[in-house]
Amino acid sequence: MSELKEIINAYNRLSFSDRIVFYSTISNDIPVNDGNLQSFLTEVRLENGDRCVYCEGTHVVKNGVRKDGVQRYLCRDCRRSFIPSTQSVTSRTRKHLSVWMHYVQCMLEHKTLRETADECDMSVSTAFSWRHKILDAVSELAENVFLTGTVEADETFLSVSYKGNHTRSHTFSMPRKAHKRGNDIHISGLSSEKVCIPCALNDTGVAYARPAKLGKVSSACIIRTFHSIIDPNATLCTDHEKAYLGFAKENNIHLIQMDTDHRIIRIEDKTYGIQRVNAYHNKLKGFLRQFHGVSTKHLGNYIVWNNLMMCSHRKQKELKEQLIGQLLKVRMTLYCREISGRPPLPTAV
């Protein structure tokens, strides 16, 4: 295997926060603070125009300019025309790069949508759409998380929330009467009114979690959630939940399970426990609490946002600049109508 392939494979195994560090190390010459969004996109996404944003083909030629001066490109392989912002979170927007930088800074400072909208000179609805455009791009990158070493896993539960789904919608109808501040859940214990969120955290602080299903956790749910996320050579620590047995057996992972009353055990002079993942649950719920309720259909994005804030130990200015560079490289186009039309509940049952 060539050295280049080894570097690419090693990069794919990095956590999202480590990718930011790597990216900042090799790309300090990119003028991130330049207000020209299209020029910045050309440099970080198109590699000087020789890479198609659709098929990643290399037979790309210039194809004239638009009336606003933006360079167009044509791919000889897929025969599609595009500009630098095509297939990016900035697609169909006309804001300068400085506005995107300012918006990311507001997110890092946990500012409300109204505060962000006022500072970035946009409507609250646009600020909400931008939030989920950015978080969707972060989610794409976060799916490449690979947990190694000692990994603690446990599940937490949050009440189902239909916040943002209204009776005036033509595509959604409430399956029950609205709850006031989430206090009208009458079914005790784990039920279909609870969202199961399997969480995993390794000994370096890198975390992965996502909404999986309603009600009690299952073996199929754990396998589906952590497939290709946890290293087969890792040591997995959990409580006595039987759902992890099938996952450990299928992936040939060393599994250590502990009693509910004993969250720390020692094996051959090594200490294992699940305190880190339990602390992660508390931090996650504290992070979500500031939004006064998060809709279940957007819950996955807010979990990724929390993980990003937890995993990064870099200065905010540096994180902001490198984060925007990573986000703009992701190939995706998201329309506002697609955000509001997402399934209200986790699709995996």
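Before any of the text, the structure's been laid out above.
In every chain, residue numbers begin from 1 and rise along the written sequence. The predicted nature of this model means local features are confined to residues of pLDDT at least 70 and side-chain atom pairs, given and counted, to a pLDDT of 80 or more, with totals for whole chains, interfaces and linings taken over all residues. With hydrogens and water stripped out, all remaining heavy atoms of the structure feed into the side-chain values.

Is there a simple way to think about the overall build of the chain in this case?
A run of DSSP states H or I qualifies as a helix once it reaches four residues; a run of E qualifies as a strand once it reaches two. Both are numbered from the N-terminal end. Within the chain, the secondary structure is distributed over twelve helices and eleven strands. Within the span of the chain, comprising 349 residues, buried residues form 47% of the whole. Here the chain displays about 18400 Å² of accessible surface, and carbon together with sulfur accounts for 49% of that area. The classification of residues rests on relative accessible area computed with a 1.4 Å probe and restricted to protein chains. Under 20% of the type maximum is buried, over 50% is exposed, and intermediate values are partly exposed. Only the protein chains shown count as cover for residues, and the accessible areas themselves come from Shrake-Rupley with a 1.4 Å probe.

I'm lost on the sheet that holds strand β3 (residues 81–82) in this one. Help?
Paired through backbone hydrogen bonds, the strands of a sheet run either parallel or antiparallel to each other. Any two strands with at least two DSSP-identified bridges between them are counted as paired. Within the open sheet, the three strands sit side by side as β1-β2-β3. Their pairing is antiparallel. Of all strands in the sheet, those with a lone pairing partner are β1 (60–65) and β3, marking the two edges. Pairing geometry for β1 and strand β2 (residues 71–75), over four bridges, is antiparallel. Bridging across to β2, V65 finds its partner in Q71.

Any chance you could explain unusual backbone geometry here in plain terms?
Excluding glycine, residues mostly carry a negative phi; peptide bonds, for their part, are mostly trans. Backbone geometry places Q87, a non-glycine residue, at a positive phi of 60°. Examined against the element boundaries, Q87 turns out to sit in the loop between β3 and α4 (97–108). The class for Q87 is partly exposed, based on a relative accessible area of 22%.

Even after reading the chapter, I still don't get the packing of helix α5 (residues 113–120) against helix α6 (residues 124–142), so can you show me in this structure?
Think of two packed helices as two axes; the pair is described by the angle between the axes and how far apart they sit. To define axes, lines are fitted to C-alpha atoms, for helices over the stretch in contact only, and angles between the resulting N-to-C directions are given on a 0 to 180 degree scale. Between α5 and α6, the shortest axis-to-axis distance is 8 Å and the interhelical angle comes to 105°. With respect to each other, α5 and α6 are oriented roughly perpendicular. Residue-level inspection shows L113, R114 and A117 of α5 in contact with α6, the latter providing V124, A127, F128 and R131. Any residue outside Ala, Val, Leu, Ile, Met, Phe, Trp, Tyr, Cys, Pro, Asp, Glu, Lys and Arg is labelled polar, Gly included; the first ten of those are nonpolar and the last four are charged. Grouping the amino acids of the contact of α5 with α6 by side-chain chemistry returns five nonpolar, no polar and two charged. Any angle that falls under 35 degrees is termed roughly parallel, while one over 145 is termed roughly antiparallel, one within 65 to 115 roughly perpendicular, and all others oblique. Any two residues whose heavy atoms approach within 4.5 Å are treated as being in contact.

Is there a simple way to explain the side chain of T296 in this structure?
Mapped onto the elements of the fold, T296 is located in the loop between α9 (275–289) and α10 (299–311). Classification of T296 as buried rests on a relative accessible area of 6%. Among residues more than four places away in sequence, those in contact with T296 are S159, V160, S161, V195, P344, L345 and P346.

What is the right way to look at the pattern of salt bridges in this model?
Any two side chains of opposite charge can pair, given that their charged atoms come close. A carboxyl oxygen of Asp or Glu within 4 Å of a side-chain nitrogen of Lys or Arg is what we treat as a salt bridge. Across all of its chains, the model carries five salt bridges by this definition. With a shortest N-O distance of 3.3 Å, E109 and K111 are connected by a salt bridge. On the basis of relative accessibility, which here comes to 38%, the residue E109 falls in the partly exposed class. Each of E109, K111 and E119 takes part in salt bridges that share partners, so that together they form one network.

Any chance you could explain helix α8 (residues 243–251) here in plain terms?
Helical geometry: 3.6 residues make up each α-helical turn, so side chains three or four residues apart lie on a common side. Listed in full, the buried residues belonging to α8 are A243, Y244, F247, A248 and N251. When α8 is viewed along its axis, its buried side chains cluster within an angular range of 120° and face the same direction. For α8, exposure combined with an orientation more than 90 degrees from the buried face picks out K249 and E250. Looking at the buried side of α8, the elements it contacts are β4 (150–159), α7 (219–226), β8 (235–238) and β9 (254–257). Phi turns positive, to about 55°, at N252, one or two residues after α8. Comment: arc refers to directions from the helix axis out to C-beta atoms.

I would appreciate a short explanation of the pairing of β8 in the present structure.
Within a regular beta strand, the side chains point alternately toward one face of the sheet and then the other, so they alternate between its two faces. Residues T235 and C237 of β8 are buried on one face, and the alternating residues L236 and T238, pointing to the opposite face, are buried as well. As paired elements, β4 and β8 share three bridges and run parallel to each other. Within β8, the residue paired with V151 across the bridge is L236. Looking at chain direction, β8 and β9 are connected through four bridges and run parallel.

Got a minute to help me understand the packing of aromatic side chains in this structure?
A ring pair, where both rings are aromatic, is described by two values, the distance of the centres and the angle of the planes. Pairing of aromatic rings covers Phe, Tyr and Trp, the last counted by its six-membered ring, and requires centre-to-centre distances within 6.5 Å; plane angles under 30 degrees mean stacked, over 60 mean edge-to-face, and any other angle means tilted. Under the definition given, this model contains ten aromatic pairs. Ring centres of Y73 and F82 lie 5.8 Å apart, and the angle between their planes is 25°; on these two criteria the pair is classed as stacked. Of the two residues, Y73 and F82, neither departs from the other in class, the shared state being buried. Taken together, the aromatic side chains of F287, F291, Y302 and W305 make up a single cluster linked through ring pairs.

So what exactly am I meant to see when it comes to the environment of K62 here?
The residue K62 is located in strand β1 in this model. Residues K62 and I83, 21 residues apart in the sequence, show an inter-C-alpha distance of 9.8 Å. With residues near it in sequence (within four places) discarded, K62 still touches Q71, R72 and Y73.

Fair warning: the whole summary comes from geometry, so function is off the table for now.
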